[in-house]
Amino acid sequence: MELSIIFLPLIASIISGFFGRYIGDRNSEIVTSVLVSISALLSIYVLYQVIVNQYEENIVIATWISSGSLDVNWSMLIDPLSAVMLVVVTSVSALVHIYSIGYMSHDPHKPRFMAYLSLFTFAMLMLVTSDNFIQLFFGWEGVGLCSYFLIGFWFKKESANAAAIKAFVVNRVGDFGFALGIFLIFYLFGTVNYSEVFQQIPTVVDKSLSFLGFEVNAIDLVCLLLFIGAMGKSAQILLHTWLPDAMEGPTPVSALIHAATMVTAGVFLVVRCSPIYEYSPLILNFITIVGMTTAFFAATVALVQTDIKKIIAYSTCSQLGYMFFCSWSRCIQCCYVSLIYSRIFQSFIIFRIWFSDPCI
């Protein structure tokens, strides 16, 4: 049953992508929507088992890499964090699939669009259920590739093509840091499996490395490189520029990317690696500063935007910064100030939209 959650969206993507011209537009929409909806229902059942029966499991699908000390499996890790993310990803994706049936009704390439949506869902599920950093990176790059396809879906529109390329390139900056972090983890621990890495952290707490001519703490450097990847995917300041332009894609794409799926992958990464970050107070403070700056900056920029979709994009960027900030801030007063500012900002947005067009 657990494996069905992951592979049903993949099957839906294959059917719609390769056989859409044979089964027709309507059947492609129905097949993808039904299979992803079944995956969402199964995810809810798994979450129920985790909450009520404390169910946890690591299901090995296949051996992927076995070379020397590098042993990487395709697997599905079920724990409270992944169970919650399964429900969020599949339920949001199922709603977006269903909404797309009406929204894309006049588009001549509906099977291709539905295939991209389902493939995006599969990649995101691989990301949140991984038990090692290599599988996590596979899902990480998968959602990046699918976002490129979806943002530039209307490829005859120059602004959409430019936005897709910008999203892809900016994310590569963050992904480069993330890849370096994975390399450094393997160098330090000799493994990329979560459980083995987390167990060995106390043994390298005091270890230093020479990086760019400076002596730095190994754990601090690992945490910094991983967070650079999180900054790119979750559109934190300096790597946030791709998110507003991503609104050039169809509205269901904006909903899927912004609604607790791709953009929260960075937050998920930091939470998943919390056993590492707990040993790095310096990077925790850095995360707090970046999150605080992003929350204030993006909310302020949104106040002067005239495009409703860009207002929503900057609002999302602000809320992601707030998530990073509150996750690691040790100052409860700062959390309250950030919350109050966030709510005031949202109120201004609501009133501004209502006064500009009361019918919205």
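Residues numbered from 1 in each chain as written. Predicted model: local features only at pLDDT ≥ 70, side-chain atom pairs only at ≥ 80, totals over all residues. Heavy atoms only, no water.

**Considerations on the environment of Ile38**
Quick note on the threshold: Secondary structure counts use DSSP, requiring at least four H or I residues in a row for a helix and at least two E residues in a row for a strand, with both numbered from the N terminus.
Here Ile38 is to be found in helix H2 (residues 25-53). Taking the C-alpha atoms as reference points, Ile38 and Lys233, separated by 195 residues in sequence, lie 28 Å from one another.

**Brief notes about the pattern of salt bridges**
Two side chains with opposite charge may pair up if their charged atoms get near one another. The condition that has to hold: What counts as a salt bridge is simple: a side-chain nitrogen of Lys or Arg found within 4 Å of a carboxyl oxygen of Asp or Glu. Here's how the labels work: a residue is buried when its accessible area is under 20% of the maximum for its type, exposed when over 50%, partly exposed in between, all with a 1.4 Å probe on protein chains only.
Per the counting criterion, the structure on display carries eight salt bridges. As a salt-bridge pair, Arg272 and Asp79 come within 2.7 Å of each other at their nearest N and O atoms. Within this pair, whereas Arg272 is found in helix H11 (residues 265-272), its partner Asp79 is found in the loop between strand E2 (70-78) and helix H3 (80-103), the two being separated by 193 residues in sequence. Summarising the burial analysis for this pair, Arg272 and Asp79 share the class buried. Two residues, Asp175 and Arg172, come together in a salt bridge whose shortest N-O distance is 2.3 Å.

**Let's talk about the packing of helix H6 (residues 158-189) against helix H8 (residues 218-233)**
Axes are the key here: two packed helices are described by the angle between their axes and the distance separating the axes. Using the following cut-off: In this description, a line fitted to the C-alpha atoms serves as the axis of each element, helices being fitted only across the stretch in contact, and the angle between N-to-C directions of two axes falls anywhere from 0 to 180 degrees. Here is the rule for angles: anything less than 35 degrees is roughly parallel, anything more than 145 is roughly antiparallel, 65 through 115 is roughly perpendicular, and the remaining ranges are oblique. Whether a crossing is left-handed or right-handed is set by the direction in which the near helix is turned from the far one by less than a right angle, anticlockwise for left-handed and clockwise for right-handed. Contacts are assigned to residue pairs that have any heavy atoms within 4.5 Å of one another.
Two numbers describe how H6 lies on H8: the axes approach to 7 Å, and their chain directions differ by 150 degrees. In terms of orientation, H6 and H8 fall into the roughly antiparallel class. Considering how the two elements wind past one another, H6 and H8 form a crossing that is left-handed. Seen from H6, the contacting residues are Asn171, Val173, Gly174, Asp175, Gly177, Phe178, Leu180, Gly181, Leu184, Ile185, Leu188 and Phe189; seen from H8, they are Ala218, Ile219, Leu221, Val222, Leu225, Leu226, Ile228, Gly229, Gly232 and Lys233.

**A short note on the pairing of strand E1 (residues 57-67)**
To keep things clear, this is the line we draw: The pairing criterion is simple: DSSP has to find at least two bridges between the two strands.
As paired elements, E1 and E2 share nine bridges and run antiparallel to each other. When the bridges of E2 are listed, Ile59 appears paired with Met76. The turn joining E1 and E2, which pair antiparallel and follow one another in sequence, is formed by two residues; a positive phi near 65 degrees is taken by Gly68.

**Overview of the packing of aromatic side chains**
In plain terms, the rule: Aromatic pairs are defined between Phe, Tyr and Trp rings, using the six-membered ring for Trp, whenever the two ring centres lie within 6.5 Å; interplanar angles under 30 degrees are classed as stacked, those over 60 as edge-to-face, and all others as tilted.
Applying the stated criterion across every chain, the model contains 16 aromatic pairs. Considering the side-chain rings of Tyr116 and Phe153, the 6.4 Å spacing of their centres and the 90 degrees angle between planes classify their relative orientation as edge-to-face. A residue pair is termed long-range when its members are at least 10 positions apart, and Tyr116 in helix H4 (residues 110-128) and Phe153 in the loop between helix H5 (133-151) and H6 qualify at 37 residues. Residue classification places Tyr116 among the buried residues on the basis of a relative accessible area of 18%. Residue classification places Phe153 among the buried residues on the basis of a relative accessible area of 2%. Judged by centre distance (5.5 Å) and plane angle (85 degrees), the ring pair of Phe227 and Phe324 falls under edge-to-face.

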